[in-house]
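# A structural walkthrough
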Amino acid sequence: MHKLTIRQQQVLDQIQKYLNNSGFPPTIAELAQALQIRSANAIRDHLRALERKGVIKLTAGASRGIRLCLQTENTSITLPIIGQLAVGTPILATKHIEGYQQIGHALFTPQPDYLLRIHGMSMCKSNILDGDLLVVHKTSVAQPGQIVVTQTNKKIIVGRFKQTLDMTHLFTENDDPLLDAELVVEGIGIGVIRNNLI
């Protein structure tokens with residue numbers, strides 16, 4: 001198989017993610033929306049390039065006519081590593097991506113969407129240390145006790161989600177409240193890749 005460009009890998013990963021979540025491939029419009037690409041023709045060009053490289057097979061005239069050619073249990077996926085973030089912008093904006101990391105397809109459940117580089121030791125009691133990569137599943141829903149990624153008007157926060165009858169809270173591991181308000185959850189932490197393993 002020929003080496004993929006960064007954008008081709010992103011398109012391939014999105015196809016894989018869609019298949020995992022829904023059981024069928026995405027349409028061109030769904031790919032364009034997920035990848036924030038305005039041009040359907042640009043998506044078509046990436047799909048044709050992936051087909052030339054032997055990664056996918058396209059069925060002409062079918063709205064969901066994408067088939068992966070390398071679908072195996074040992075398939076790796078490539079996730080973006082999100083570094084320093086500009087508040088008020090989408091977490092997965094290109095300017096936040098510091099690189100990419102391949103991981104085993106079946107290592108984490110639910111399907112991971114990105115890796116967030118941790119700065120500081122506020123989550124050390126959960127064994128999430130400075131420099132580690134938090135494996136994040138993008139979702140706006142969290143359950144009490146889960147580690148969540150949320151964005152305020154000042155910074156991106158990683159903390160443990162707790163809920164009482166009248167209030168939603170976000171705590172660090174030393175039980176300092178970070179936020180007592182309606183949270184906008186960006187994702188949940190589903191695993192950690194240790195700094196010294198990458």
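Look above for the structure.
Below: a short report on this structure. Keep in mind that this is a model prediction, so the values were computed, not measured.

Along its length, the protein chain carries three helices and eleven strands. In the protein chain, the succession of α and β elements from N to C terminus is α-α-α-β-β-β-β-β-β-β-β-β-β-β. With 198 residues in all, the protein chain has 42% of them scored as buried. In the protein chain, 54% of the contacts between residues at least 6 apart in sequence involve partners at least 24 apart.

In a regular helix each residue adds 1.5 Å, so 13 residues correspond to 18 Å; helix H3 (residues 40-52) covers 19 Å between its end C-alpha atoms and thus fits that length. Considering only its buried residues, H3 is in contact with helix H1 (6-22), helix H2 (28-34), strand E1 (56-58) and strand E2 (66-68). The backbone nitrogen of asparagine 41 lies 3.2 Å from a side-chain oxygen of the residue at the head of H3, namely serine 39. Within two residues after H3, glycine 54 carries a phi angle of roughly 80 degrees, on the positive side.

A word on the side chain of threonine 78. Looking at the element boundaries, threonine 78 is found in strand E3 (residues 76-82). For threonine 78, a relative accessible area of 9% puts it in the buried group. Leave out the neighbours within four places in its chain, and threonine 78 touches Gln9, Asp13, Tyr100, Gln101 and Gln102.

To continue, consider the side chain of glutamine 10. By the element assignment, glutamine 10 lies in helix H1. The contacts of glutamine 10, once residues within four sequence positions are left out, are Leu35, Ile97 and Tyr100.

All right, on to the packing of H1 against H3 then. Two numbers describe how H1 lies on H3: the axes approach to 10 Å, and their chain directions differ by 90 degrees. The orientation of H1 relative to H3 falls into the category roughly perpendicular. Contacts from Arg7, Gln8, Val11, Leu12 and Ile15 in H1 reach His46, Leu47, Ala49 and Leu50 in H3. When its residues are assigned to classes, the contact of H1 with H3 shows six nonpolar, two polar and one charged.

As a further point, take H1. Residue pairs three or four apart in sequence face the same way in an α-helix, which turns once every 3.6 residues. In a regular helix each residue adds 1.5 Å, so 17 residues correspond to 24 Å; H1 covers 24 Å between its end C-alpha atoms and thus fits that length. Of the positions making up H1, those classed as buried are Gln8, Gln9, Gln10, Val11, Leu12, Asp13, Gln14, Ile15 and Gln16. Buried-residue contacts for H1 involve H2, H3, E1, E2, E3 and strand E4 (97-104).

Calculation notes
- Residues numbered from 1 in each chain as written.
- Predicted model: local features only at pLDDT ≥ 70, side-chain atom pairs only at ≥ 80, totals over all residues.
- Heavy atoms only, no water.
- Helix = DSSP H or I, 4+ residues; strand = E, 2+ residues; numbered from the N terminus.
- Buried < 20%, exposed > 50% of the residue type's maximum accessible area, 1.4 Å probe, protein only.
- Contact = heavy atoms within 4.5 Å.
- Expected span 1.5 Å × (residues − 1).
- Polar contact = N/O pair within 3.5 Å; in protein donor to acceptor, adjacent residues only side chain to side chain.
- Axes fitted to C-alpha atoms, helices over the stretch in contact; angles between N-to-C directions.
- Parallel < 35°, antiparallel > 145°, perpendicular 65-115°, else oblique.
- Nonpolar A, V, L, I, M, F, W, Y, C, P; charged D, E, K, R; others polar.

These values are about where atoms sit, not about what they do.
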